[in-house]
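Listed below, chain by chain, are the residues.
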Amino acid sequence: MSKFWSLKNIILTITLGWLTLFVFAPNLMIIGTSFLTRDEANLIDMTFTLDNYARLFDPLYAKVLWHSVYMSMVATFWCLVFGYPFAYIVAKKMPSNWRPFLLFLVIVPFWTNSLIRTYGLKAILGTNGLMNKGLMALEIIDKPFRIMYTEYAVMIGLVYILLPFMVLPLYSAIEKMDDSYLEAARDLGASRMKAFWKVTVPLTMPGIIAGSLLVFLPALGMFYVSDLLGGAKNLLIGNVIKSQILNARDWPFGAATSITLTIAMALLLYCYYAVGKAMNSKGEWE
């Protein structure tokens with residue numbers, strides 16, 4: 001027994017040491033840097049200031065922040081629109097022996113880096129890309145239309161990359177749903193649509209909330225999608241952090257922006273926890 005506890009303590013010590021060295025300490029350094037002053041020669045001056053956080057209220061950065069929230073919300077909406085029917089069909093309509101294969105197809109994109117897949121989208125969405133060539137070959141359009149470096153291209157990229165994060169929680173929630181509630185609703189005279197809104201949606205609300213957060217939160221910081229597909233006019237808050245750290249060399253302001261984004265994500269996660277705690281297993285408010 002003593003050997004077991006000794007091994008357990010060793011594993012816990014290694015794990016805690018790893019998390020402290022590579023997670024806690026770097027984040028603590030970022031928090032500290034966000035309250036310091038930019039220095040042209042040494043990057044950081046040890047003078048305490050709150051100006052970095054005050055700059056976030058500048059109309060320029062406030063506009064980028066609002067645009068990030070807007071793009072993330074729209075991406076979340078479309079992921080829900082596309083993901084819910086797919087998850088429902090897989091969980092309730094497909095034979096059980098087909099479900100693992102279909103879920104495997106959902107997970108397959110994770111095997112390839114999202115940056116590489118974004119580059120692949122450029123080959124599809126470009127003026128001379130596969131989409132325009134296909135539409136012209138089918139005589140649907142007469143000449144190529146421009147979608148690259150627009151808000152639509154960024155939206156397509158976000159939905160394409162984040163859709164699996166919506167499908168998996170939805171599938172889990174729908175698959176666990178008790179069909180007897182739907183049968184009872186139909187027996188009581190509810191139409192299919194009314195049974196869906198009054199029974200299915202409330203019962204799968206935990207999956208909807210979880211999937212929405214898993215899409216919304218990463219979408220705020222996916223700067224490379226905006227860089228590659230959207231150009232300079234479709235910035236996300238992640239682009240501001242990247243440009244301040246790498247281009248402007250303003251580490252304190254970049255750190256302050258990053259901390260603000262982290263706090264916003266933490267608040268949203270707390271809201272998810274609070275909503276989940278306030279709902280019972282039937283998706284009803286207690």
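Note: the structure precedes this text.
J.: In this structure, what is going on with the environment of Thr-47? I would like to understand it.
T.: Turning to its location among the elements, Thr-47 is positioned in the loop between β2 (43-45) and α2 (51-54). The class of Thr-47 is partly exposed, set by a relative accessible area of 41%. In the structure, Thr-47 is positioned 224 residues away from Cys-271 in sequence and 35 Å away in space, judged by C-alpha atoms. Setting aside chain neighbours within four positions, we find Thr-47 in contact with Phe-35, Leu-36 and Thr-37. Within the structure, the side chain of Thr-47 is placed 2.3 Å from the side chain of Asp-45, a separation counted as a polar contact.

J.: Looking at this structure, I do not really get the environment of Leu-158. What am I missing?
T.: Relative to the helices and strands, Leu-158 resides in helix α7 (residues 151-176). Expressed as a C-alpha distance, the spacing of Leu-158 and Ile-44, which sit 114 residues apart in the sequence, is 34 Å. Excluding its chain neighbours within four sequence positions, the residues that come into contact with Leu-158 are Met-71, Ala-75, Ala-219, Met-222 and Val-225.

J.: What should I look at first to understand the packing of helix α5 (residues 114-125) against α7 in this one?
T.: Two elements in contact, α5 and α7, have axes separated by 11 Å at closest approach and are oriented at 135 degrees. Classified by the angle their axes make, α5 and α7 are oblique. Between α5 and α7 the crossing geometry is right-handed. Across the interface between the two elements, Ser-114, Arg-117, Thr-118, Leu-121 and Leu-125 from α5 touch Ala-153, Ile-156, Gly-157, Tyr-160 and Ile-161 from α7. Residues of the contact of α5 with α7, tallied by class, amount to six nonpolar, three polar and one charged.

J.: Can you walk me through helix α12 (residues 237-247) in this structure?
T.: Residue pairs spaced three or four apart in an α-helix point in one direction, given the helix's 3.6 residues per turn. Within the span of α12, buried status applies to Ile-237, Gly-238, Asn-239, Val-240, Ile-241 and Gln-244. Residue Arg-249 follows α12 closely and has a positive phi angle near 60 degrees.

Definitions and limits used
- Residues take numbers from 1 onward in each chain, read along the sequence in its written order.
- Totals for whole chains, interfaces and linings use every residue, but because this is a predicted model, local features are given only for residues with pLDDT of at least 70 and side-chain atom pairs only at 80 or more, for both listing and counting.
- Think of the side-chain values as coming from all heavy atoms in the structure, minus any hydrogens and water.
- Think of it this way: any DSSP run of H or I at least four residues long counts as a helix, any run of E at least two long counts as a strand, and we number them from the N terminus.
- For every residue, the accessible area obtained with a 1.4 Å probe (protein chains only) is divided by the maximum for its type, and the residue is called buried under 20%, exposed over 50%, and partly exposed between those limits.
- Every residue pair with non-hydrogen atoms within 4.5 Å of one another is taken to be in contact.
- Counted as a polar contact is a pair of N or O atoms within 3.5 Å, where, for protein atoms, one must be capable of donating a hydrogen and the other of accepting one, and residues adjacent in sequence contribute only when both atoms are in side chains.
- Orientation is described by lines fitted to C-alpha atoms, with helices fitted over the stretch in contact, and by angles between N-to-C directions that extend from 0 to 180 degrees.
- Any angle from 65 to 115 degrees is called roughly perpendicular, while one under 35 is roughly parallel, one over 145 is roughly antiparallel, and all others are oblique.
- Left-handed describes a crossing whose near helix is turned anticlockwise from the far helix through less than a right angle; right-handed describes the clockwise counterpart.
- Each residue gets one label: Ala, Val, Leu, Ile, Met, Phe, Trp, Tyr, Cys and Pro are nonpolar, Asp, Glu, Lys and Arg are charged, and the others, such as Gly, are polar.

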